[in-house]
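# Descriptive analysis of the structure
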Amino acid sequence: MRRFTPVLVAIFLGFSFTATALAIDVPLKYQKHPAETEDFYPYGSNGFQVSLKKPSGDWTFPAFVSDKTLYTLVKIGDTERLCVLDKQKKDAKFYDRVYFDSNGNNDLTDDRVLDGTINFYGPNNQYCNVDFPVAVDTKIKIDGKSLPFSFSPRIFGYMLEKLAKSEFDEQSVSRFINVIVSLNCSYTGEFKIGNQKYSVILGDTNCNGRFNDRFSVYKFEKPPPGRI
């Protein structure tokens, strides 16, 4: 039995003491991760390729700065939302502005504009990533239920000047530019056995919106050489 609600989640934890098994019902609470903390919080991420083509549908867009905006559909849980990459200034060397349809109404003019900072690295600074100081708080659907979710966006890519030396086409942008969503929330709870207090925290390693995925060990069809 598992109850899964926006504010409260119940899970069963099995503990074996000699021949006796004890099942404990632990209430879990949704928690958005604080911006700065030394406490442990689970990490998770997922990546999405971008496209020069606007997805089909009836959309309302703001006035974009870039001549070549990039689009991707970010799927978390059963929910798919549009994310558009733009520039803060026309002469920017990379995409440093994100529009995300957080409320899912196909209108990107009523959502918060996310502006990031470009960081260059690698030989001749040809690679870059863009960090955004503000997380995205949204609602997602899991098996028909509406649940809160928070993630931090990032953009990884190849500097546009380098791409311009070849064709700036669908194949190149899907290969060299990616949107990453990083987990910014978890479910926490506490329980006691006797006088001992325990803490529970559930993360979402693949950032798919589901905190009840089962852990599994990857099995190689052909084991690689050496130790792993």
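Here, every reference points to the structure presented above.
Now for a quick tour of the structure. Note that the structure is a prediction, hence the values are computed from the model and not measured.

### Some thoughts on the overall build of the chain
Per the secondary structure count, the chain includes two helices and 15 strands. Expressed as a percentage of the 228 residues in the chain, the buried residues total 40%. Looking at the chain alone, contacts between residues at least 24 apart form 54% of all its contacts between residues at least 6 apart. Only carbon and sulfur atoms are counted for the fraction: they give 50% of the accessible area of the chain, which is about 14,000 Å².

### Thoughts on the pattern of salt bridges
The tally for this structure, following the rule as stated, stands at seven salt bridges. A salt bridge links Arg154 to Asp131; the shortest N-O distance between them is 2.8 Å. With Arg154 in strand β12 (residues 145-158) and Asp131 in strand β10 (residues 127-131), the pair connects residues that are 23 residues apart, well separated along the chain. A residue is classified by how much of its surface remains accessible, and Arg154, at 28% relative accessible area, is partly exposed. A salt bridge links Glu190 to Lys197; its shortest N-O distance comes to 3.3 Å. In the salt-bridge network here, residues are joined through shared partners; they are Asp78, Asp143 and Arg210.

### A look at the sheet that holds strand β5 (residues 70-76)
What the four strands build is an open sheet, ordered β5-β6-β7-β8; its pairing is antiparallel. Each having just a single partner strand, β5 and β8 (114-115) make up the two edges of the open sheet. Bridging between β5 and strand β6 (residues 79-86) involves seven bridges; their strand directions are antiparallel. Among the inter-strand pairings, Ile76 is bridged to a residue of β6, identified as Thr79.

Calculation rules
- Per chain, the residues get numbers from 1 upward, laid out in the order the sequence is written.
- Selection of residues for local features in this predicted model requires a pLDDT of at least 70, selection of side-chain atom pairs for listing and counting requires 80 or more, and totals for whole chains, interfaces and linings are taken over all residues.
- With hydrogens and water set aside, each side-chain value is computed from the structure's full complement of heavy atoms.
- Here a strand is any run of E in DSSP of at least two residues, a helix any run of H or I of at least four, and the numbering for each starts at the N terminus.
- For each residue, the accessible area found with a 1.4 Å probe, counting protein chains only, is set against the maximum for its type, and the residue is called buried under 20%, exposed over 50%, and partly exposed in between.
- We call two residues contacting when some pair of their heavy atoms lies within 4.5 Å.
- Accessible areas in this description were obtained via Shrake-Rupley with a 1.4 Å probe; residue shielding takes into account the shown protein chains only.
- Just to be clear on terms, a salt bridge is a Lys or Arg side-chain nitrogen sitting within 4 Å of an Asp or Glu carboxyl oxygen.
- Two strands pair if DSSP finds at least two bridges between them.

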